[in-house]
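A look at the structure
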Amino acid sequence: AQRSQSVYLLSMLGEAQHLSDVIKATQDPDLHVALSAFRGLMQQKDAPHLQHHLSKVLSHFKHLNPSFISKIISEAGNAIAPTLNQIFADRTLDHEVRVFAGKSLRLLKELSSVEIALKLVKDEEENPFVLAQALKILGQFGQVIHISAVCPLIYASDSVVSISAIAALANIGENRDVQKL
């Protein structure tokens, strides 16, 4: 407990010279220490230092609940949105890391994520969990013009994708779109 408190304080109060130590602490085998370091980093409102490290940091937490991790990420505020958009779009990253990014973008109410979500839903090779996040973004921020991108996924073979597409259509569609179901 003391190590996790120390790491958290260092992440909050430490100067740039300690940043690499705090980032290293996010990879600590002790989950309390790693989460304390991560939370402290996310609470720094001007977090440009995370741009190059966030995907690696997130990969350490991919076994944890996406809602929990995304809530911590959202503490960084909208300044981190460009980095989250890059992570969400990057097919070379683990899908769990990309789901964290997509969920965080929704929590931040980040409209810039709509264009990326549109590209993702048009990619037939995309991971179903990432597709579901993209559909949830479209359902939250999309407009009627995005219905044509959502509708084909209503009949997806993966139930996670299909249910997310139906929910997105319910949010952005009009009464006449119900017939498409």
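Structural data are supplied above this passage.
Thresholds, definitions, all that
Residues numbered from 1 in each chain as written. Predicted model: local features only at pLDDT ≥ 70, side-chain atom pairs only at ≥ 80, totals over all residues. Heavy atoms only, no water. Helix = DSSP H or I, 4+ residues; strand = E, 2+ residues; numbered from the N terminus. Expected span 1.5 Å × (residues − 1). Buried < 20%, exposed > 50% of the residue type's maximum accessible area, 1.4 Å probe, protein only. Polar contact = N/O pair within 3.5 Å; in protein donor to acceptor, adjacent residues only side chain to side chain. Axes fitted to C-alpha atoms, helices over the stretch in contact; angles between N-to-C directions. Parallel < 35°, antiparallel > 145°, perpendicular 65-115°, else oblique. Contact = heavy atoms within 4.5 Å. Nonpolar A, V, L, I, M, F, W, Y, C, P; charged D, E, K, R; others polar. Phe/Tyr/Trp six-rings, centres within 6.5 Å; stacked < 30°, edge-to-face > 60°. Salt bridge = Lys/Arg side-chain N within 4 Å of Asp/Glu carboxyl O. Core = buried A, V, L, I, M, F, W, Y, C linked by side-chain atoms within 4.5 Å.

1. With respect to helix H9 (residues 128–141)
Because the α-helix completes a turn every 3.6 residues, residues three or four places apart line up on one side. Here H9 is 14 residues long and its end C-alpha atoms lie 20 Å apart, about the 20 Å a rise of 1.5 Å per residue gives. Those residues of H9 not exposed but buried are Val 130, Leu 131, Ala 132, Gln 133, Ala 134, Leu 135, Ile 137, Leu 138, Gly 139 and Phe 141. Between a side-chain oxygen at the N-terminus of H9 and the backbone nitrogen of Phe 129 the separation is 2.7 Å; the capping residue is Asn 127.

2. As for the packing of helix H6 (residues 81–89) against helix H8 (residues 113–121)
Interaxial distance between H6 and H8 falls to 10 Å at its minimum, and their mutual angle equals 0°. Judged by the inter-axis angle, H6 sits roughly parallel to H8. In this structure, H6 contributes Asn 85, Phe 88 and Ala 89 to the contact, and H8 contributes Ser 113, Ile 116 and Leu 120. Looking at side-chain class alone, the contact of H6 with H8 contains 4 nonpolar, 2 polar and no charged residues.

3. A look at the packing of aromatic side chains
Using the criterion set out here, one finds 1 aromatic pair in the structure. Ring geometry for Phe 38 against Phe 61: centres 5.0 Å apart, planes inclined by 40°, an arrangement best described as tilted. Placement of Phe 38 in helix H3 (residues 31–42) and of Phe 61 in the loop between helix H4 (54–59) and helix H5 (66–74) is noted, with a sequence separation of 23 residues between them. The pair formed by Phe 38 and Phe 61 is uniform in burial state, with each residue classed as buried.

4. Here's the deal with the environment of Glu 75
Within the element layout of this structure, Glu 75 appears in the loop between H5 and H6. Distance in space between the C-alpha atoms of Glu 75 and His 146 is 29 Å, their sequence separation being 71 residues.

5. Considerations on the packing of helix H7 (residues 95–107) against H9
Viewed as axis vectors pointing N to C, H7 and H9 meet at an angle of 10°, and their least axial separation amounts to 9 Å. One finds that H7 runs roughly parallel with respect to H9. For the pair H7 and H9, contact is made by His 95, Arg 98, Val 99, Gly 102, Lys 103, Leu 105 and Arg 106 and by Phe 129, Val 130, Gln 133, Lys 136, Ile 137, Gln 140 and Phe 141, respectively. Residues of the contact of H7 with H9, tallied by class, amount to 6 nonpolar, 4 polar and 4 charged.

6. Some words on the pattern of salt bridges
Counting across every chain of the model gives 6 salt bridges. Residues Asp 28 and Arg 3 are paired through a salt bridge, measuring 2.3 Å at the closest nitrogen-oxygen approach. Of this pair, Asp 28 sits in the loop between helix H2 (19–25) and H3 while Arg 3 sits in helix H1 (residues 2–13), and the two are 25 residues apart along the sequence. Of the charged contacts in the structure, one is a salt bridge between Glu 126 and Arg 98, with a shortest N-O distance of 2.7 Å. Highlighted residues: Glu 126 in the loop between H8 and H9 and Arg 98 in helix H7, separated in sequence by 28 residues. Each member of the pair, Glu 126 as well as Arg 98, carries the same accessibility label: buried.

7. Examining unusual backbone geometry
Its identity is not glycine, yet Lys 109 carries a phi of approximately 55°, on the positive side. Looking at where Lys 109 falls in the secondary structure, it is placed in the loop between H7 and H8. Its relative accessible area of 58% is what places Lys 109 among the exposed residues.

8. Here's the deal with the nonpolar core
Ranked by size, the top nonpolar core spans 56 residues in total, and within it Phe 38, Met 42, Leu 58, Phe 61, Ile 69 and Phe 88 carry the most contacts. The contacts of Phe 61, once residues within four sequence positions are left out, are Thr 26, Leu 31, Ala 34, Leu 35, Phe 38, Ile 69 and Phe 100.

9. Some words on H7
An ideal rise of 1.5 Å per residue puts 18 Å on 13 residues; H7 measures up with 18 Å between its terminal C-alpha atoms. Against H4, H5, H6, H8 and H9 lie the buried residues of H7. After H7 finishes, the residue Lys 109 shows a positive phi value of roughly 55°.

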